[in-house]
Amino acid sequence: MERQVLIIVKSIVDKSLIGTYFFFFLNSCLQILFPPYPGDTITIFQGYLTYRMGFNKYLMLLSTISGSFLSSMFLYYLSYIKSDIVLNNRFIIKFFNLDKIHKLEDLFKKYGVFFILINKFIPGLGSLTFIAAGIFKLPLIPATISILLANILHNTMLFSAGALTGDNIEIIKASIKEYYRLIVGITVIISLLYLLVRNRIKLYRRSVK
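Worth saying up front: this structure is predicted, and the values here are computed from it rather than measured.

1. Some words on the overall build of the chain
Inference 1: Check the secondary structure of the chain and you find 11 helices and zero strands.
Inference 2: Starting at the N terminus, the α and β elements of the chain follow one another as α-α-α-α-α-α-α-α-α-α-α.
Inference 3: In the chain, buried positions account for 44% of the 209 residues.
Inference 4: Taking the contacts inside the chain whose residues are at least 6 apart along the sequence as the reference set, 76% of them involve residues at least 24 apart.
Inference 5: Accessible area for the chain stands at about 11,600 Å²; split by element, carbon and sulfur atoms hold 66% of it.

Structure, rendered in C-alpha cells:
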C-alpha cells in the first residue's frame, strides 16, 4: 500500500499546493481512524518533501497535527458519550482490537491521562488508547491536553525524521522501526521516573500526616 500512496502524494504535490495541505491533513486523519493505513510512512515522506521542495514547514506540520488531533478527539468524545455503540460497532471491533480495552483499564487507573501520552508512541495502541480514554470517562480537559501533546510530539518527530530519510520506501520503513525502538525505550524511562516521583510524593505526604 505504501508505494501506491507515495505515487499519489507525488502527483498531488506536483499539481496543487492547497491539495497538498489537504492531503496530509486527510492522511493524518486516516492514520488515526483507519489503523491499517500507513500514516507514519507518509508523514515521514511529508517531512522529506517539505525540506526538499521548500514548502512552509509550519503549515505542513500544522496540517498533520490538526488532522491527527481532531480525529483523536473524535474517537475519545464518541467513546465518551456512546461507549455502548463503540463497543458493539463492527468496524471498530475489526480494526481496533477491542479485546485489549479491558486490559488498559488498570493502567489508566494507575497512570491517569499520562497513559495517553505514553501509549501514543506504542505501535498498535495509539488509536485504541483514545477510545479507551473515552470509555473509561477520563476528564475532558486533562485528556484533551494529553491527546494534543501526544500528537504534537509524535508527528513532529516523524516529520523531522523525513529530512534524513529521503523518498526511499525501505529507508523510511527502517527509520520507523528505529523510531519506535527509541520511543519505547524513552517511554519506559519516563514511566519509571513517573512512578518514582509519584511514590516519593506519596511517602512525603504520609510522613507529613
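2. Comments concerning the nonpolar core
Inference 1: Among the nonpolar cores identified, the biggest contains 27 residues, and Phe96, Ile101, Phe108, Ile116, Leu128, Ile131 and Ile147 are the most heavily contacted of them.
Inference 2: Elements represented by at least two residues in this core include exactly helix 4 (57-81), helix 6 (90-96), helix 7 (101-111), helix 8 (114-119), helix 9 (126-135) and helix 10 (140-165).
Inference 3: Aside from chain neighbours lying at most four places away, what touches Phe108 is Phe115, Ile116, Thr129, Ala132, Ala133, Phe136 and Leu138.
Inference 4: By size, the runner-up hydrophobic cluster in this structure holds 14 residues, among which are Tyr21, Phe23, Tyr37 and Leu61.

3. Observations concerning the packing of aromatic side chains
Inference 1: With the rule as written, the count across this model stands at four aromatic pairs.
Inference 2: Here Tyr51 and Phe159 contribute two aromatic rings whose centre-to-centre distance is 6.2 Å and whose plane-to-plane angle is 50 degrees, an arrangement assigned as tilted. One end of the pair, Tyr51, is in helix 3 (residues 39-53); the other, Phe159, is in helix 10, and 108 residues separate them in sequence.
Inference 3: A relative accessible area of 43% places Tyr51 in the partly exposed class.
Inference 4: Phe159 sits in the buried class, given a relative accessible area of 3%.

4. Regarding helix 3
Inference 1: With 15 residues, helix 3 should reach 21 Å at 1.5 Å per residue; the first-to-last C-alpha distance of 20 Å fits that figure.
Inference 2: For helix 3, a buried count of 12 out of 15 residues is recorded, marking the element as mostly surrounded by other parts of the structure.
Inference 3: Just downstream of helix 3 lies Gly54, where phi reads positive at about 75 degrees.

5. Describing helix 7
Inference 1: The set of residues buried in helix 7 consists of Ile101, Leu104, Phe108 and Tyr111. The buried residues of helix 7 occupy one face: seen down the axis, they fall within an arc of 80 degrees. Turned more than 90 degrees away from the buried face of helix 7, the exposed residues are His102, Lys103, Asp106 and Lys109.
Inference 2: Of the residues trailing helix 7, Gly112 is marked for its positive phi of about 70 degrees.

6. With respect to unusual backbone geometry
Inference 1: In this structure, Lys137 is a non-glycine residue whose phi angle is positive, near 60 degrees.
Inference 2: Its place among the elements puts Lys137 in the loop between helix 9 and helix 10.

7. What about the side chain of Asn27?
Inference 1: Mapped onto the elements of the fold, Asn27 is located in helix 2 (residues 17-33).
Inference 2: When sequence neighbours within four positions are dropped, the list of residues in contact with Asn27 reads Tyr37, Gly39, Ile42 and Thr43.

8. Focus: a nonpolar patch on the surface
Inference 1: Taken together, the side chains of Leu140, Ile141, Ile145 and Leu149 define a hydrophobic patch exposed on the protein surface, amounting to about 390 Å² of accessible area.
Inference 2: In this fold, Ile141 is placed in helix 10.

9. Quick notes on the packing of helix 4 against helix 9
Inference 1: Packing of helix 4 against helix 9 leaves a shortest axis separation of 6 Å and a crossing angle of 35 degrees. The hand of the helix 4/helix 9 crossing is right-handed. For the pair helix 4 and helix 9, contact is made by Ser72, Leu75, Tyr76, Ser79 and Tyr80 and by Ser127, Phe130, Ile131, Ala133, Gly134 and Ile135, respectively.
Inference 2: Among the residues making up the contact of helix 4 with helix 9, the classes are represented as seven nonpolar, four polar and no charged.

What counts, and where the lines are drawn
Residues numbered from 1 in each chain as written. Predicted model: local features only at pLDDT ≥ 70, side-chain atom pairs only at ≥ 80, totals over all residues. Heavy atoms only, no water. Helix = DSSP H or I, 4+ residues; strand = E, 2+ residues; numbered from the N terminus. Buried < 20%, exposed > 50% of the residue type's maximum accessible area, 1.4 Å probe, protein only. Contact = heavy atoms within 4.5 Å. Areas by Shrake-Rupley, 256 points an atom, 1.4 Å probe, with all protein chains shown as cover. Core = buried A, V, L, I, M, F, W, Y, C linked by side-chain atoms within 4.5 Å. Phe/Tyr/Trp six-rings, centres within 6.5 Å; stacked < 30°, edge-to-face > 60°. Expected span 1.5 Å × (residues − 1). Arc of directions from axis to C-beta. Patch = residues over 30% accessible without salt bridge, like charges linked within 9 Å, V, L, I, M, F, W, Y side chains within 5 Å. Salt bridge = Lys/Arg side-chain N within 4 Å of Asp/Glu carboxyl O. Axes fitted to C-alpha atoms, helices over the stretch in contact; angles between N-to-C directions. Left-handed = near helix turned anticlockwise from the far one by under 90°. Nonpolar A, V, L, I, M, F, W, Y, C, P; charged D, E, K, R; others polar.

That's the geometry; what it means functionally is another story.
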